Amino acid sequence: MHIAIIGAGISGLLSALELVEQGCSISIFDQQQAAQAASWAGGGILSPMYPWRYPQAVNDLAKFAKPQYLAWNEKLKPITGIDFEIHETGMLIFDEDDFEIGLNYATQHNEPMQQCDYLNQEQLEQVNPHIAAKFKHALYFSQLANVRNPRLLQSLTQYLKQHPKVQFLEHCPIQQFQLQGDHAQAIQSEDGQLHHADHFIVTTGAWSQQWAAQLGLSIPVQPVQGQMLLFKTPAQWLPTMCMNKVMYLIPRCDGHVLCGSSMRQVGFDTHPDPQIKQDILSACLEMVPELAQFPIVKQWAGLRPASPTGVPYIGQTPNFNNVWLNFGHFRNGLCMGTASAQLLRQLMLGQETLVNPAAYDPKQLQADPICA
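From a predicted model like this one, the values you see are computed outputs, not experimental measurements.

1. Thoughts on the pattern of salt bridges
One side chain can pair with another of opposite charge once the charged atoms of both are near each other.
Thought 1: Under the criterion given, the structure shown has 12 salt bridges.
Thought 2: Across the pair Asp-254 and Arg-148 runs a salt bridge, and its minimum N-O distance is 3.1 Å. In this pair, Asp-254 is assigned in the loop between strand 13 (247–251) and strand 14 (256–260) and Arg-148 in the loop between strand 5 (137–141) and helix 7 (149–161), connecting sequence segments 106 residues apart.
Thought 3: Its relative accessible area of 29% is what places Asp-254 among the partly exposed residues.
Thought 4: Overall, Arg-148 belongs to the buried group, its relative accessible area being 15%.
Thought 5: By sharing partners, the salt bridges in this structure join Glu-85, Arg-148, Arg-151 and Asp-254 into a single network.

Here's what the structure looks like:
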């Protein structure tokens, strides 16, 4: 089976990985270089921020993130020489309004990885001595981890590029489908060339709305900009991830500390905003004042593929029997990515699914025929 994948972000790369491991031949297309855009720009927390604030369908996929990335890293690292750097730091949450629901979440939803402890100030200082004195207590999610997403993406890309059953076509924007009845015959790239395949997967993230008219769908996916800062501290300086009021600090193994993030609807603009930089900086220094001693080495912004509830669309399109979707992950593309790709592979190959696919079914995107 030959499968064409449009979009080489985390969803496209993981979908390719799942399918090529089942013996499929893959062609991957991207309008720019692979593994850029939102997938590269995010933080890589392997859990939704405040999972109790999300629909169950988000958490049903996200709970597989840490074990599945650990397994993929073990498989790919000997071949690519690139470690995903899955950093098991745990997470401190300071939002007092979330303490009660956070303490009960793991038991209520049978998610042992979300088990947490209430820390008083003395315990908090032992876990992370750099926290500001104003924080008298916190929840500590000791099992939460982060993945260094640029390294993850480099490893996925390198593994797929060396695979004999994978063809990469970067800087090759796809403009339209060639459709006949309920079947897609080919996709046409910007240079006019037709690319044929047995099946087609759309993993175009924030750019997915462009397919609505051709596929007879209503696709409510919009780009939402998120901005980030990067500090450089000594290695292992900050021992845990930290979160307060939806702002977070994510330490990497080598001492880089990622700070974010914002939400801004500015279309496809990825220029950082100076005021938002200041807002992020202020929020992060409120948690860890000592960060002010260290240099900011980088800032950037990416575009999240925002769907109305944060639940992605995964599965076969209602109008075409060989066109499949895997997009709309909003803030949780990395932590839902492995299970999303696995679910898509299972649906495409008629295998038993790891979750009930109904919540992600693209049938809900069926356009009103009067408006289509």
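On we go from here.
2. A look at the sheet that holds strand 6 (residues 166–169)
Thought 1: In space, the 6 strands of this open sheet follow the order 6-2-1-10-17-16, with mixed pairing throughout. The outermost strands of the open sheet, each flanked by one partner alone, are strand 6 and strand 16 (313–316). Geometrically, the sheet is characterised by an average inter-axis angle of 15 degrees between neighbouring strands, direction not taken into account.
Thought 2: Relative to strand 17 (residues 323–327), strand 10 (residues 199–202) is paired through 3 bridges, and the arrangement is parallel. Residue pairing in the sheet places Phe-200 in a bridge with Val-323 of strand 17.
Thought 3: Against the sheet, helix 10 (residues 333–348) contacts strand 1 (2–6), strand 10, strand 16 and strand 17, and its axis sits at roughly 165 degrees relative to strand 17.

3. Topic: the nonpolar core
Thought 1: Counting 49 residues, the largest nonpolar core has Ile-26, Tyr-69 and Leu-160 as its most contacted members.
Thought 2: Counting only elements with at least two residues in this core, the list comes to strand 1, helix 1 (10–20), strand 2 (25–29), helix 3 (56–62), helix 4 (65–80), helix 7, strand 6 and helix 10.
Thought 3: Element by element, the count of residues in this core is highest for helix 10, at 8 residues.
Thought 4: What Leu-160 contacts, discounting residues up to four positions off in sequence, is Leu-13, Ala-16, Leu-17, Val-20, Ile-28, Val-166 and Phe-168.

4. Brief notes about the pairing of strand 16
Thought 1: Where strand 16 lies against strand 17, 4 bridges are found, and the strand directions are antiparallel. The partner of Tyr-313 across the bridge, within strand 17, is Phe-327.
Thought 2: Hairpin connection, strand 16 to strand 17: the antiparallel pair is bridged by 6 residues.

5. What to know about the state of the cysteines
Thought 1: Taken as a whole and judged by the stated rule, the model has 0 disulfides.
Thought 2: Looking at Cys-259, it has no disulfide partner, and the nearest cysteine sulfur is the one in Cys-284, 4.1 Å off.
Thought 3: Accessibility expressed as a relative area gives 0% for Cys-259, which makes it buried.

6. Description of the sheet that holds strand 3 (residues 91–93)
Thought 1: Taken in spatial order, the 8 strands make up an open sheet running 4-5-3-12-13-14-11-15, and their pairing is mixed. Strands at the two margins of the open sheet, each flanked by one partner only, are strand 4 (117–120) and strand 15 (296–306). Put simply, the sheet's adjacent strands are angled 25 degrees from each other on average, direction ignored.
Thought 2: For strand 12 (residues 241–244) and strand 13, the ladder comprises 3 bridges, and the chain directions are antiparallel. When the bridges of strand 13 are listed, Asn-244 appears paired with Met-247.
Thought 3: Contacting strand 3, strand 4 and strand 5, helix 5 (residues 99–108) crosses the sheet at an angle of about 20 degrees to strand 5.

7. Quick notes on the packing of aromatic side chains
Any pair of aromatic rings gets described here by the distance separating the centres and the angle formed by the planes.
Thought 1: Evaluation of the coordinates by the stated rule reveals 11 aromatic pairs.
Thought 2: Taking 6.1 Å as the distance between ring centres and 75 degrees as the angle between the ring planes, the aromatic pair formed by Phe-99 and Tyr-118 counts as edge-to-face. Note that Phe-99 is positioned in helix 5 and Tyr-118 in strand 4, a separation of 19 residues in sequence.
Thought 3: Relative accessible area serves as the criterion here: at 7%, Phe-99 is assigned to the buried category.
Thought 4: What makes Tyr-118 partly exposed here is its relative accessible area of 41%.
Thought 5: Between Tyr-313 and Phe-327 the ring centres are 6.1 Å apart and the planes differ by 70 degrees, which places this aromatic pair in the edge-to-face class. Of this pair, Tyr-313 sits in strand 16 while Phe-327 sits in strand 17; the two residues are 14 residues apart in sequence, bridging distant segments of the chain.
Thought 6: Counting every residue linked through ring pairs, the aromatic cluster contains Tyr-50, Trp-52, Tyr-105 and Phe-141.
Thought 7: Positioned above the aromatic ring of Phe-135, the side-chain terminus of Lys-134 is 5.4 Å from the ring centre.
Thought 8: The ring of Trp-300 carries Lys-298 above its face, with NZ or CZ at 6.0 Å from the centroid.

8. As for the packing of helix 4 against helix 7
In a pair of packed helices, the angle between the axes and the distance between the axes together describe the arrangement.
Thought 1: Running from N to C, helix 4 and helix 7 point in directions that differ by 60 degrees, and their axes come no closer than 10 Å. Relative to helix 7, the element helix 4 lies oblique. Relative to helix 7, the crossing made by helix 4 is left-handed. Facing helix 4, whose interface residues are Tyr-69, Lys-75, Leu-76, Ile-79 and Thr-80, helix 7 presents Leu-152, Ser-155, Leu-156, Gln-158 and Tyr-159.

Conventions used here
- Residues numbered from 1 in each chain as written.
- Predicted model: local features only at pLDDT ≥ 70, side-chain atom pairs only at ≥ 80, totals over all residues.
- Heavy atoms only, no water.
- Salt bridge = Lys/Arg side-chain N within 4 Å of Asp/Glu carboxyl O.
- Helix = DSSP H or I, 4+ residues; strand = E, 2+ residues; numbered from the N terminus.
- Buried < 20%, exposed > 50% of the residue type's maximum accessible area, 1.4 Å probe, protein only.
- Pairing = 2+ DSSP bridges.
- Axes fitted to C-alpha atoms, helices over the stretch in contact; angles between N-to-C directions.
- Contact = heavy atoms within 4.5 Å.
- Core = buried A, V, L, I, M, F, W, Y, C linked by side-chain atoms within 4.5 Å.
- Disulfide = S-S within 2.5 Å.
- Phe/Tyr/Trp six-rings, centres within 6.5 Å; stacked < 30°, edge-to-face > 60°.
- Lys NZ or Arg CZ within 6 Å of the ring centre and 35° of its normal.
- Parallel < 35°, antiparallel > 145°, perpendicular 65-115°, else oblique.
- Left-handed = near helix turned anticlockwise from the far one by under 90°.

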